[in-house]
Amino acid sequence: MSRYTLPLVAVLGGLIGAGAVWSSERFTSPGGADQARIERVVHDYVLSHPEIIPQAMQALQERQSGETVAANRDAILTPFGSAWAGNPKGDVTLVEYFDYNCGYCRASLPMIADLLKRDPNLRIVYRDLPILSEASRTAARASLAAAQQGKFLGFHDALYAGGPVSDASIKGAAAKAGVTLAALDTGTIDGEIAKNMATAAKLGMNGTPSWVVGNRVLSGALPVEELEKAIAAARGK
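Cut-offs used in this document
Residues numbered from 1 in each chain as written. Predicted model: local features only at pLDDT ≥ 70, side-chain atom pairs only at ≥ 80, totals over all residues. Heavy atoms only, no water. Axes fitted to C-alpha atoms, helices over the stretch in contact; angles between N-to-C directions. Helix = DSSP H or I, 4+ residues; strand = E, 2+ residues; numbered from the N terminus. Parallel < 35°, antiparallel > 145°, perpendicular 65-115°, else oblique. Left-handed = near helix turned anticlockwise from the far one by under 90°. Contact = heavy atoms within 4.5 Å. Nonpolar A, V, L, I, M, F, W, Y, C, P; charged D, E, K, R; others polar. Buried < 20%, exposed > 50% of the residue type's maximum accessible area, 1.4 Å probe, protein only. Arc of directions from axis to C-beta. Phe/Tyr/Trp six-rings, centres within 6.5 Å; stacked < 30°, edge-to-face > 60°. Pairing = 2+ DSSP bridges. Salt bridge = Lys/Arg side-chain N within 4 Å of Asp/Glu carboxyl O.

A. Here's a closer look at the packing of helix H7 (residues 134–148) against helix H10 (residues 186–202). Where H7 contacts H10, the two axes come as close as 10 Å, and the packing angle between them is 115°. Taken together, the axis directions place H7 and H10 in an arrangement best described as roughly perpendicular. Here the hand of the crossing between H7 and H10 comes out right-handed. Seen from H7, the contacting residues are Arg 137, Ala 140, Arg 141, Leu 144, Ala 145 and Gln 148; seen from H10, they are Thr 188, Ile 189, Asp 190, Glu 192, Ile 193 and Met 197. Its residues assigned to classes, the contact of H7 with H10 shows six nonpolar, two polar and four charged.

B. Summary view of helix H9 (residues 167–177). The set of residues buried in H9 consists of Ser 169, Ile 170, Ala 173, Ala 174 and Ala 177. One side of H9 holds all its buried residues, which, seen down the axis, span an arc of 135°. Facing away from the buried side of H9 by more than 90 degrees, the exposed set consists of Asp 167, Ala 168, Lys 171, Ala 175 and Lys 176. Against the buried residues of H9 lie H7 and helix H8 (152–161). Downstream of H9 by one or two residues, Gly 178 has phi in the positive range, about 75°.

C. Up close: the packing of aromatic side chains. This structure, assessed with the given rule, holds five aromatic pairs. Ring centres 6.3 Å apart and planes at 90° place the aromatic pair Phe 98 and Tyr 126 in the edge-to-face group. Taken together, the positions of Phe 98 in strand E4 (residues 92–98) and Tyr 126 in strand E5 (residues 122–128) put the pair 28 residues apart, joining distant regions of the chain. Relative accessible area serves as the criterion here: at 1%, Phe 98 is assigned to the buried category. Overall, Tyr 126 belongs to the buried group, its relative accessible area being 6%. Seen in terms of ring centroids, Tyr 100 and Tyr 160 are 5.1 Å apart; in terms of plane orientation they differ by 50°. Their pairing is tilted. Here the residue Tyr 100 occupies a position in the loop between E4 and helix H5 (103–107), and Tyr 160 occupies one in helix H8, the gap between them amounting to 60 residues. Each member of the pair, Tyr 100 as well as Tyr 160, carries the same accessibility label: buried. These aromatic residues form a ring-pair network of at least three members: Phe 98, Tyr 100, Tyr 126, Phe 152, Phe 155 and Tyr 160.

D. View of the sheet that holds strand E7 (residues 216–219). With mixed pairing, five strands are arranged side by side in an open sheet as E3-E5-E4-E6-E7. Looking at the sheet topology across the chains shown, the edges are occupied by strand E3 (84–86) and E7. Strand after strand, the sheet turns through a mean of 20° between neighbouring axes, direction not considered. In terms of strand pairing, E3 meets E5 through three bridges, oriented antiparallel. Each bridged residue has a counterpart across the sheet, and for Trp 84 the counterpart in E5 is Val 125. The sheet strands contacting H8 are E3, E4 and E5, and the helix crosses E5 at an angle near 65°.

E. Focus on the pairing of E7. Taken together, the four bridges between strand E6 (residues 210–213) and E7 define a ladder with antiparallel strand orientation. Bridging across to E7, Val 213 finds its partner in Arg 216. Hairpin connection from E6 to E7: two residues lie between these consecutive antiparallel strands, with Gly 214 at a positive phi of about 60°.

F. Seen up close, the pattern of salt bridges. Scanning the entire structure with this criterion turns up seven salt bridges. Across the salt bridge formed by Arg 127 and Glu 192, the nearest N and O atoms sit 2.7 Å from each other. Note that Arg 127 is positioned in strand E5 and Glu 192 in helix H10, a separation of 65 residues in sequence. Like Arg 127, the residue Glu 192 is buried in the burial classification. With a closest N to O distance of 2.9 Å, Arg 141 and Asp 190 form a salt bridge. Placement of Arg 141 in helix H7 and of Asp 190 in helix H10 is noted, with a sequence separation of 49 residues between them. You can call Arg 141 partly exposed: its relative accessible area is 22%. Look at the salt bridges and you will find they share partners, linking Asp 91, Asp 119 and Arg 235 into a network.

The structure is reproduced here in structure tokens:
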């Protein structure tokens with residue numbers, strides 16, 4: 001319990017003693033003068049301790065994100081074809097929403113490899129989120145074709161290793177991974193991209209890489225220690 005939580009508990013205890021009635025089924029709010037007095041106490045407390053506001057906002061954001069994750073769990077956790085790595089029966093799944101033109105996504109590759117080495121019970125699911133350019137969408141289509149053919153990781157690593165994303169680097173990565181691009185299943189693939197875009201919007205993602213682990217949504221190229229903490233928290237629940 002933090003140093004801010006203790007006085008907050010004390011204030012709430014005082015509020016309950018002032019006339020609010022709590023039962024296992026409901027909280028009954030007082031009215032009239034008691035209501036006004038309680039509101040004044042809370043108002044003055046928040047003004048005196050503004051540092052609790054970011055904590056409260058973060059808690060609210062995490063609760064709302066958790067509800068959205070729960071409502072869209074299949075769309076988040078179920079991989080498209082072979083677009084996953086690690087332990088298929090892992091007790092925690094880390095989901096990465098990425099764009100092949102994203103430098104931070106590229107920079108996260110060693111961190112993901114490190115996580116997989118350090119955690120044998122982790123599964124990673126990759127979700128294409130081509131938001132940066134038309135070339136990103138072309139690369140995502142090829143990536144999902146590779147996933148359909150069971151060759152996602154080979155293509156994924158080859159494209160990142162091939163330098164800037166271009167038609168030539170996409171074709172080169174596909175050839176290296178043994179992926180056939182001649183007849184893309186565009187309907188299914190474009191449907192998957194649209195689904196990822198819609199889910200990311202619901203989760204409030206506004207960039208890549210973005211991550212989902214447990215009921216939390218995280219953003220940016222994070223240090224491995226921060227993701228490990230989130231994974232441990234999800235595992236604990």
